[in-house]
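So the chains spell out like this:
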Amino acid sequence: MRELELELKKLIVTTLALEDIRPEEIDSEELLFGEGLGLDSIDALELGVALRQTYGIRIESVTAEVREHFATVASLARFVAASRE
Amino acid sequence: MNETATELTRSRTTAPEARLRFQVTDWMAASPERHGRAAWLEWAGAPAQPAADAAAPVPASLRRRLRQAGLLAAEALFGLASLTGQPRLVFCSRHGEFQRNLNLLRQLVAEEPLSPTDFSLSVHNAIAGLISIASGNRAGHTAIAAGRESFQAGLLEAAVLVKAAPDQAVVLVHYDEPLPTPFEPFRDPAETPIGLALLLKAAGSGPAVTMTLEPAREEKAGTEPTELPSLAFLRFLLGGAGELSLPGRLRTWRWRHAA
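What you see is a predicted model; the values in this text were computed from it and never measured.

Here we come to the layout of surface pockets. Empty space among the atoms can be located by rolling a probe the size of a water molecule over them. All names here are of chain A. By volume, the largest pocket amounts to about 520 Å³. Looking at the lining of the largest pocket, the elements that each hand over two or more residues are α2 (41-55) and α3 (64-69). Broken down by element, the residue count for the lining of the largest pocket peaks at six residues, all from α2. Across the lining of the largest pocket, the residue classes break down as 13 nonpolar, three polar and five charged.

This is the structure in structure tokens:
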């Protein structure tokens, strides 16, 4: 799971062009949106596209469940791992 | 142009009230080769000036959303040394961030999902919106595209705003980048990546300029410019030469240094 988390951190930094942040600097439990990393709704959509292209995961609509998956890198990693099984 | 339109242009542009006056109290430009006031003064052959206060850097949160032309626009705007209060913003660009639209077209052809960032920022006023949010400006903005005369039209809009509300400062931002491959056939030789910000006021320090519109002379109408109009204007502004006239499709744009 640690490996997948680092992979996702790299994906976040590259996809969202976070040029002042290194992947290792992102805490897996840190909130990605609003507080914490400070991402916004456009970033969420961009991340959704990246997940689809990288892992073949399709997110059809934004539900409360999806919001929970996108909360932190750790929750995102659990979601990606579960979706790949 | 038909007879009526010609008459209308002529009667409007020769009236004395068609003269607009404004002061350029601050300026900043940016290109891939030149950053900062000193580099542009040297480019214009103008005497060096004492270094101004360090300009605010473009916030990282804004930088990551912008492409080349938008970045140059932001660098110029944030580079204004005396950017205080809530100036009204006028953005003008011929092509805007065209690379972004090309990216979307390529994704459509490849049947890939469209980038939400590119999609949301692909309209012409998106860059103005993004930069106004990043600079906390709520004064309102205008985004203009007028072909080869985009800078001129933007300056006209800014000068009219100064005239209409003399107490309100106006910042004009011109930004552009050359059309990318495969659109070279539509690219003018003068096209170059540029960001230029001018702070316009009804009164204050800095060069005073008058602006007039005159009927285009047939032989020069629509001539392809040899220098980007915004750069020609900056050269005129810094050089202190008497006047600058740029022939346009329908009229000739003329600026003079005023007392």
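Structure shown, so let's carry the discussion forward.
Moving on: the packing of aromatic side chains. Residues and elements named next belong to chain B. Within the structure shown, the criterion is met by seven aromatic pairs over all chains. Taken together, a centroid distance of 6.5 Å and an interplanar angle of 45° make the contact between Phe-183 and Phe-186 tilted. Residue classification places Phe-183 among the partly exposed residues on the basis of a relative accessible area of 24%. With a centroid separation of 5.6 Å and 50° between ring planes, the pair formed by Phe-233 and Phe-236 is classed as tilted. Of this pair, Phe-233 and Phe-236 both sit in helix α9 (residues 229-239), separated by three residues, roughly a single helical turn. Residue Phe-233 shares its accessibility class with Phe-236, and that shared class is buried. Three or more aromatic residues link up through ring pairs in this structure, and these residues are Phe-151, Phe-233, Phe-236 and Trp-255. Sitting over the face of the ring of Trp-27, Arg-37 holds its NZ or CZ atom 5.1 Å from the ring centroid. Sitting over the ring of Trp-43, Arg-235 keeps its end group 4.2 Å from the ring centre.

Turning our attention to empty space enclosed by the protein. Residue and element names in this part refer to chain B. Counted according to the given criterion, the structure contains one cavity of 30 Å³ or more. Volume-wise, the largest cavity comes out at about 140 Å³. What lines the largest cavity is a set of 16 residues, and nearest its centre among them are Arg-94, Arg-148, Asp-176, Leu-228 and Pro-229. If you list the elements that add at least two residues to the lining of the largest cavity, you get α8 (150-164) and β4 (170-176). Of the residues in the lining of the largest cavity, the class split is five nonpolar, five polar and six charged.

Right, let's talk about α8 of chain B for a bit. With 15 residues, α8 of chain B should reach 21 Å at 1.5 Å per residue; the first-to-last C-alpha distance of 21 Å fits that figure. Residues Ser-150, Phe-151, Gln-152, Ala-153, Gly-154, Leu-155, Ala-158, Ala-159 and Val-162 of chain B constitute the buried set of α8 of chain B.

Okay, the interface of chain A and chain B next. Taken together, the contacts link 14 residues of chain A with 11 residues of chain B. Carbon and sulfur atoms supply 49% of the area that chain A and chain B bury against each other, a total of about 1,000 Å² over both sides. In this structure, the connection of chain A to chain B is made through four salt bridges. The partner of Asp-40 of chain A in a salt bridge is Arg-65 of chain B, and the shortest N-O contact between them spans 2.9 Å. Linking chain A to chain B there are seven residue pairs in polar contact (both at pLDDT 80 or more).

Time to look at the pattern of salt bridges. For the structure on display, the rule yields 19 salt bridges over all chains. The closest approach of N and O atoms between Glu-24 of chain A and Arg-22 of chain A, which form a salt bridge, is 3.4 Å. Using a relative accessible area of 48% as the deciding quantity, one classes Glu-24 of chain A as partly exposed. We note a salt bridge from Glu-25 of chain A to Arg-22 of chain A, for which the minimum N-O separation is 3.3 Å. Where salt bridges share partners, they join Asp-40 and Asp-43 of chain A together with Arg-64 and Arg-65 of chain B into one cluster.

Below, the discussion takes up the sheet that holds strand β3 (residues 141-144) of chain B. Residue and element names in this part refer to chain B. In space, the eight strands of this open sheet follow the order β3-β2-β4-β5-β1-β6-β8-β7, with mixed pairing throughout. The open sheet has two edge strands, β3 and β7 (243-247), and neither has a second partner. Direction aside, the axes of adjacent strands within the sheet are offset by 25° on average. The sheet contact formed by strand β2 (residues 88-92) and β3 spans four bridges and is parallel. By the bridge assignment for β3, Cys-92 is matched with Ile-144.

Taken residue by residue, a regular strand's side chains alternate between the two faces of the sheet. Residue and element names in this part refer to chain B. Counting buried residues along β4, seven of its seven residues qualify, which places the element largely inside the surrounding structure. The alternating pattern of β4 places Val-170, Leu-172, His-174 and Asp-176 and Val-171, Val-173 and Tyr-175 on opposite faces, both of which are buried. When β2 meets β4, the two strands line up parallel, connected through five bridges. Residue pairing in the sheet places Arg-88 in a bridge with Val-170 of β4. In terms of strand pairing, β4 meets strand β5 (residues 194-201) through seven bridges, oriented antiparallel. Each bridged residue has a counterpart across the sheet, and for Leu-172 the counterpart in β5 is Leu-198.

Before going further, it helps to examine helix α1 (residues 2-15) of chain A. Residue and element names in this part refer to chain A. Between its terminal C-alpha atoms α1 stretches 20 Å, which fits the 20 Å expected from 14 residues at 1.5 Å a residue. Turning to α1, its buried residues number three or more, namely Leu-4, Glu-5, Leu-8, Lys-9, Leu-11, Ile-12 and Val-13. On its buried side, α1 packs onto α2 and α4 (73-84). Once α1 finishes, Ala-17 follows within two positions and takes phi at roughly 50°, a positive value.

Conventions and cut-offs
- Residues numbered from 1 in each chain as written.
- Chains lettered and ligands numbered in written order.
- Predicted model: local features only at pLDDT ≥ 70, side-chain atom pairs only at ≥ 80, totals over all residues.
- Heavy atoms only, no water.
- 1 Å grid on protein atoms, 1.4 Å probe; cavity = no way out; pocket = protein on both sides within 12 Å on 5 of 7 lines; lining within 4 Å.
- Points joined across faces, edges and corners; volume = space filled by probe spheres on them.
- Helix = DSSP H or I, 4+ residues; strand = E, 2+ residues; numbered from the N terminus.
- Nonpolar A, V, L, I, M, F, W, Y, C, P; charged D, E, K, R; others polar.
- Phe/Tyr/Trp six-rings, centres within 6.5 Å; stacked < 30°, edge-to-face > 60°.
- Buried < 20%, exposed > 50% of the residue type's maximum accessible area, 1.4 Å probe, protein only.
- Lys NZ or Arg CZ within 6 Å of the ring centre and 35° of its normal.
- Expected span 1.5 Å × (residues − 1).
- Contact = heavy atoms within 4.5 Å.
- Buried area = accessible area lost by both parts, 1.4 Å probe.
- Salt bridge = Lys/Arg side-chain N within 4 Å of Asp/Glu carboxyl O.
- Polar contact = N/O pair within 3.5 Å; in protein donor to acceptor, adjacent residues only side chain to side chain.
- Pairing = 2+ DSSP bridges.
- Axes fitted to C-alpha atoms, helices over the stretch in contact; angles between N-to-C directions.

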